[in-house]
Every structure is written in C-alpha cells, then in structure tokens.
Amino acid sequence: MDLRIFTEPQQGASYDTLLTVAKATEDLGFDAFFRSDHYLKMGDADGLPGPTDAWITLAGLARETKRIRLGTLMTAATFRLPGVLAIQVAQVDQMSGGRVELGLGAGWFEEEHQAYGIPFPKEKFPRLEEQLAIVTGLWATAPGDTFDFHGEHYDLTKSPALPKPAQDRIPVLIGGHGATRTPRLAARYADEFNLPFGSVEDSEKQFGRVRAAAQEAGRAADAITFSNALVACVGKDDREVAHRAAAIGREVDELKANGLAGTPAEVVDKIGRYAAVGSSRIYFQILDLDDLDHLELISAQVQSQLS
C-alpha cells in the first residue's frame, strides 16, 4: 500500500509552508506529495496569504526534493490550454528528474473561475477528453515528428510536440464518481484511477465500473492502479483525535465515517477495507499544514504497519 500526502493550499498556505510539508513528506518515507489545483478558498477558511499555482509550486518542489513523486489531484482542464499544459508538465518532469504525475479533471468550481476571470464552459467533459488526447499525444509523438489534432474545442497543426518529459510516460490520473463517462475515459487514458472521498462500498462499485470499461477497451485488468483520497485525522488517543478534528473544524464522528480518522490501529483497519476492494494507494488529505507531528504519527504508526 503506497501512502501519499495530499494538500489543499487554496485553504491557506504559502509556498514556504508547502515546501516544509513536502520535505517532511520525503523525510518521513511517504511515496508522494500531491496538491489540489484551485485558486479560491472553500468554506470558512480565510485562504491567506492567497492562492498558489499548482504547477509553479511543483516546479519549485521539483528542485527542492529528490525522491518523492509530485502531482495534482486534480488539475482543472478549464485552467490551461492543453498544448501549454503539456509543456508545463513535461518541463516540471525534467526539473524533477522524472518524478511527476498528472491528475487531470474537467473543473467544477465555478466561483473560482468568476473570481479570476477564467472562462467556465458549459460543456466541460468533452473538453477534458480532448485535452487528454492532446497532452498524451504530444508526449507520445516521436522526436522529429509532428502532432496534429482537429477537435471540436482544440485544433493543433504541425506541432513539434516538444519538450519531452524525462519519463517515457508520465502517469495520468483520472478520478471521480461518474458512472458512465468517467470509467470510459479512465479506461482509455488513465494509469491510475482515484476515487476522492468515497466510502468502501462506493469504491468497490466505481472500481468495478472502471475495470469493466478497461476490459471492454482491451486493456489488462491490472493495467490501472486504483486509489482513494481521504481526509486524515489521526491521533495517538481519543483526546488527540478530537484536538486535531477541532483544528480543522470537523466533528470526530463525521471524520470517522467519511475519512481516515481515529487511532493508528483504527486507521490501519479502515485502510485494509479499502485494500480489500482493490485500492493500492491512499492519499491522506492533510488540512492542517502546520501540524507536522500529524505526519510523523502517520509515518511511525500507520505507514510502518502497511509497508
């Protein structure tokens, strides 16, 4: 079971804070540091000092870390043109020595688009599908050849398809709860399918849909890695769990029902239930980025039991 750290910087985090968490992620033996791709806070958080751009952040972290994988859950297709995104991600992959992964989604948070003047198209899923075709097509084009794409939303003619990533293939993550189009898209493009904030039962159903779509598309059953992203609130005892829940404005019972909350033993047991339905990778959503003791506890008493 791979354990990864997943952050939500739009809720309030500077680059220096993210760098501290990323270095702790590496030092404590976690597999990867991922971040959301949002420009506006959600809920009651103050969002200070303001948003940080996902790929600028990851570019910086690529030069400041040596081992951990780096990526997004999920980059919004509405934020970037696909040709530009392919260049950005390939460059960060080069800067990291081949440690980047791209999570790409359709985009959903209309208010952040309004706040920063980003167009919010009505038909987002077809754009996502074309973006996936373009980004992966550009990376796969042999050096010296050109890439063409003529779609409903994007048109590329004689692209040199440069630069190339350091990796032969940058892993692509697709996720979500959609019952039909999402599994079909994952079957075609995903190296990893991620179900965010879903129950064990929901995971079993959605993983089954993706496997079925993959088999229908002619892919091997084990060609796709299945993962979950879940909010984390781990404490050495009930008092510490309650303290960490209060720090992020959540209730313990709700966190235990919907996330990875409780003592290390409780969290290990729940991860085991996700593993039983096919999940092999867990993203711990860490909401209090100043609480590095939280990461140390998860490393020492959860990761140690699952490695």
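That block above? That's the structure.
Structure report, in brief. Bear in mind the structure is a predicted one, so any value in this text is a computation, not a measurement.

1. What to know about the layout of surface pockets
- By volume, the largest pocket is sized at about 1,200 Å³.
- Within the residue set of the lining of the largest pocket, elements represented by two or more residues are β4 (75-76), β5 (100-105), α5 (125-140), β8 (172-175), α6 (181-189), β9 (192-196), β10 (225-234) and α9 (252-258).
- Its residues assigned to classes, the lining of the largest pocket comprises 20 nonpolar, 15 polar and six charged.

2. Description of the pattern of salt bridges
- Counted under the stated rule, the structure contains 16 salt bridges.
- In this structure, the salt-bridge partner of K23 is E64, at a minimum N-O distance of 3.9 Å. You can see K23 sitting in helix α1 (residues 15-27) and its partner E64 sitting in helix α2 (residues 54-64), a full 41 residues away along the chain.
- With its nearest N and O atoms 2.8 Å apart, the salt bridge here joins R69 to E101. Here E101 lies in strand β5 and R69 lies in strand β3 (residues 69-72), a separation of 32 residues in the sequence. Grouping residues by exposure puts R69 and E101 together as buried.
- Sharing partners across several salt bridges, the network here consists of R4, D31, R69 and E101.

3. Quick word on the side chain of R69
- When its relative accessible area of 17% is taken as the criterion, R69 is described as buried.
- Of note is the side chain of R69, whose polar atom sits 2.8 Å from the side chain of E101.
- Polar side-chain contacts of R69 include one of 2.8 Å to the side chain of Q167.

4. Points about the packing of helix α10 (residues 264-276) against helix α11 (residues 292-306)
- Closest axis-to-axis distance for the α10/α11 pair is 10 Å, and the angle between their directions is 40°. In terms of axis orientation, α10 runs oblique to α11. Viewed along their axes, α10 and α11 form a crossing whose handedness is right-handed. Contacts from P264, V267, V268 and I271 in α10 reach L297, Q301, V302, Q305 and L306 in α11.
- For the contact of α10 with α11, the class distribution of residues is seven nonpolar, two polar and no charged.

5. Let's talk about the packing of aromatic side chains
- Inspection of the entire model under this criterion finds seven aromatic pairs.
- Relative to Y116, the ring of Y39 lies with its centre 6.2 Å away and its plane at 55°, an arrangement referred to as tilted. Residue Y39 is found in the loop between β2 (32-35) and α2, and its partner Y116 is found in helix α4 (residues 110-116); the two are separated by 77 residues along the sequence.
- Taking the centre distance of 5.1 Å and the plane angle of 25° together, the rings of W108 and F109 count as stacked.
- Judged by relative accessible area, which is 9%, F109 ranks as buried.

So, how was this worked out
Residues numbered from 1 in each chain as written. Predicted model: local features only at pLDDT ≥ 70, side-chain atom pairs only at ≥ 80, totals over all residues. Heavy atoms only, no water. 1 Å grid on protein atoms, 1.4 Å probe; cavity = no way out; pocket = protein on both sides within 12 Å on 5 of 7 lines; lining within 4 Å. Points joined across faces, edges and corners; volume = space filled by probe spheres on them. Helix = DSSP H or I, 4+ residues; strand = E, 2+ residues; numbered from the N terminus. Nonpolar A, V, L, I, M, F, W, Y, C, P; charged D, E, K, R; others polar. Salt bridge = Lys/Arg side-chain N within 4 Å of Asp/Glu carboxyl O. Buried < 20%, exposed > 50% of the residue type's maximum accessible area, 1.4 Å probe, protein only. Polar contact = N/O pair within 3.5 Å; in protein donor to acceptor, adjacent residues only side chain to side chain. Axes fitted to C-alpha atoms, helices over the stretch in contact; angles between N-to-C directions. Parallel < 35°, antiparallel > 145°, perpendicular 65-115°, else oblique. Left-handed = near helix turned anticlockwise from the far one by under 90°. Contact = heavy atoms within 4.5 Å. Phe/Tyr/Trp six-rings, centres within 6.5 Å; stacked < 30°, edge-to-face > 60°.

Read these as layout, nothing more, since geometry by itself doesn't imply function.
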